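# Tertiary structure, described
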Amino acid sequence: MEVKLAKTAGFCMGVRRAVDIVLDIAQHETRRIYTYGPLIHNPQTIELLKSRGIRPIENIEEIKDKNNAILIVRAHGIAPAERKKIKASGLKVVDATCPKVGYVQSIIKKHTGLDYSVIIVGDREHPEVDGLLGYAGGRGIIISSPEEVDKLSCNEKVCVVAQTTQNLDDYNEIVDKIKQICPQAVIFNTICSSTEQRQAEVTAMAGEMDAMFIVGGKNSANTRRLADLAQKKQPATFHIETPADMGKIDFGPYNRIGVSAGASTPNWII
Ligand code: SF4
């Protein structure tokens with residue numbers, strides 16, 4: 001059986017950077033280390049981090065001794081108001097926001113300062129989008145589907161950005177509709193190139209291989225999106241989180257299997 005691993009499978013730059021920052025701090029830090037939400041959407045990596053004393057929290061009230069703790073902001077970033085609140089609590093904050101997410105935040109900040117309203121094309125529930133919305137200071141809205149564009153009323157100055165892990169085709173479809181309603185909109189395609197490259201490689205691979213295995217957390221939105229993309233080209237697509245997920249698969253019909261993985265999947269799992 002031929003097994004082909006995608007060149008773009010696994011950690012993206014931002015996630016690798018965040019994991020490196022945390023592991024580096026853990027080596028010399030005596031204070032307790034927390035991440036604001038799970039560092040990455042991969043349960044096995046979270047367990048590994050826990051074994052090194054690094055714990056995810058959802059709320060800063062979970063940290064009792066704030067003067068003896070470090071809180072890491074993960075690659076998704078957070079809203080400015082939230083950052084302010086954390087700092088005011090006395091916690092030491094280490095920022096592992098991906099520079100590419102930081103770039104989207106800066107576009108939003110700059111344009112709201114120039115009186116633009118901001119449309120963020122992304123998943124309402126995603127923490128990155130939540131953080132981005134915070135940068136719009138009450139002048140932002142989230143659009144998650146082409147249908148939602150119909151409800152849009154267009155102001156004079158509108159700026160459009162994307163969640164960095166949006167699907168390019170979905171983004172383009174939404175942007176085309178926005179342009180019809182707001183021809184003056186200033187559009188920034190802020191989809192991360194690592195996402196585009198990963199998605200393009202998976203689509204090409206899915207057309208060539210007998211089956212596709214997409215490896216990553218079931219809670220990882222970008223892994224799920226990758227599996228959805230592969231599925232469109234190759235119905236024999238499987239989302240694999242751990243080797244146990246492969247137990248029920250009949251490998252008989254497949255001679256060529258393509259493997260890719262989400263941006264939050266470490267090499268040791270792939
Ligand atoms: Fe950064 Fe891109 Fe990775 Fe998002 S997908 S964390 S923007 S490198």
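Residues numbered from 1 in each chain as written. Predicted model: local features only at pLDDT ≥ 70, side-chain atom pairs only at ≥ 80, totals over all residues. Heavy atoms only, no water.

### Brief notes about the sheet that holds strand β12 (residues 256-261)
Reading across from one edge, β1-β12-β10-β11 is the order of the four strands in this open sheet, with parallel pairing throughout. Strands at the two margins of the open sheet, each flanked by one partner only, are β1 (2-5) and β11 (237-240). Across this sheet, the average inter-strand angle for adjacent strands is 20°, counted without regard to direction. When strand β10 (residues 211-215) meets β12, the two strands line up parallel, connected through five bridges. Within the sheet, the bridge partner assigned to Phe-213 lies in β12 and is Val-259. Those strands touched by helix α8 (residues 193-208) are β1, β10 and β12, and its axis lies near 165° from that of β12. (Pairing = 2+ DSSP bridges. Helix = DSSP H or I, 4+ residues; strand = E, 2+ residues; numbered from the N terminus. Axes fitted to C-alpha atoms, helices over the stretch in contact; angles between N-to-C directions. Contact = heavy atoms within 4.5 Å.)

### So, the nonpolar core
By size, the foremost hydrophobic cluster in this structure holds 22 residues, and its most contacted members are Val-202, Met-212, Phe-213, Ile-214, Ala-230, Tyr-254 and Ile-257. Listing elements by their share of this core, those giving two or more residues are α8, β10, α9 (221-233) and β12. Of all the elements, β10 adds the most residues to this core, at five residues. Excluding residues that lie within four positions of it along the chain, Ile-214 makes contacts with Val-202, Thr-223, Leu-226, Ala-227, Ala-230, Thr-237, Phe-238, His-239, Ile-240 and Ser-260. Ala-18, Ile-33, Leu-49 and Ala-96 belong to the second largest nonpolar core, which has 21 residues in total. (Core = buried A, V, L, I, M, F, W, Y, C linked by side-chain atoms within 4.5 Å. Buried < 20%, exposed > 50% of the residue type's maximum accessible area, 1.4 Å probe, protein only.)

### Observations regarding the packing of α8 against α9
Closest axis-to-axis distance for the α8/α9 pair is 8 Å, and the angle between their directions is 30°. As judged from the angle between their axes, α8 and α9 are roughly parallel. In the crossing of α8 with α9, the sense of the turn from one axis to the other is right-handed. Mapping the contact onto sequence places Arg-198, Gln-199, Val-202, Thr-203, Ala-206 and Gly-207 in α8 and Arg-225, Leu-226, Leu-229, Ala-230 and Lys-233 in α9. Partitioning the contact of α8 with α9 into residue classes produces five nonpolar, three polar and three charged. (Parallel < 35°, antiparallel > 145°, perpendicular 65-115°, else oblique. Left-handed = near helix turned anticlockwise from the far one by under 90°. Nonpolar A, V, L, I, M, F, W, Y, C, P; charged D, E, K, R; others polar.)

### A word on the state of the cysteines
Applying the stated criterion across every chain, the model contains one disulfide. Left without a disulfide partner, Cys-159 is nearest to the cysteine sulfur of Cys-182, which lies 12 Å away. (Disulfide = S-S within 2.5 Å.)

### Considering the packing of helix α4 (residues 99-113) against helix α5 (residues 127-135)
One way to put it is that α4 packs onto α5 with a least axis distance of 8 Å and a crossing angle of 25°. The orientation of α4 with respect to α5, classified from their angle, is roughly parallel. The crossing of α4 and α5 is right-handed. The residues of α5 that touch α4, namely those facing Val-101, Val-104, Gln-105, Ile-108, Lys-109 and Thr-112, are Glu-128, Leu-132 and Tyr-135. Residue classes in the contact of α4 with α5 are distributed as five nonpolar, two polar and two charged.

### Comments concerning the environment of Pro-80
Following the sequence through the fold, Pro-80 ends up in helix α3 (residues 80-88). Residue classification places Pro-80 among the partly exposed residues on the basis of a relative accessible area of 31%. With 73 residues separating them along the chain, Pro-80 and Ser-153 place their C-alpha atoms 27 Å apart. Residues in contact with Pro-80, not counting those within four places in the same chain, are Gly-131, Gly-134 and Tyr-135.

### Considering the sheet that holds strand β3 (residues 54-57)
Strands pair in a sheet through their backbones, by hydrogen bonds, and they do so in one of two ways: parallel or antiparallel. Taken together, the four strands give an open sheet; going across it, the order is β3-β2-β4-β5, and neighbouring strands pair in parallel fashion. Edge strands, defined here as strands with exactly one partner in the open sheet, are β3 and β5 (92-95). The mean inter-strand angle of the sheet, taken between neighbouring strand axes irrespective of direction, is 30°. Summarising the sheet, strand β2 (residues 32-36) and strand β4 (residues 69-73) pair through four bridges and their orientation is parallel. From the neighbouring strand, Thr-35 faces β4, where its bridge partner is Ile-72.

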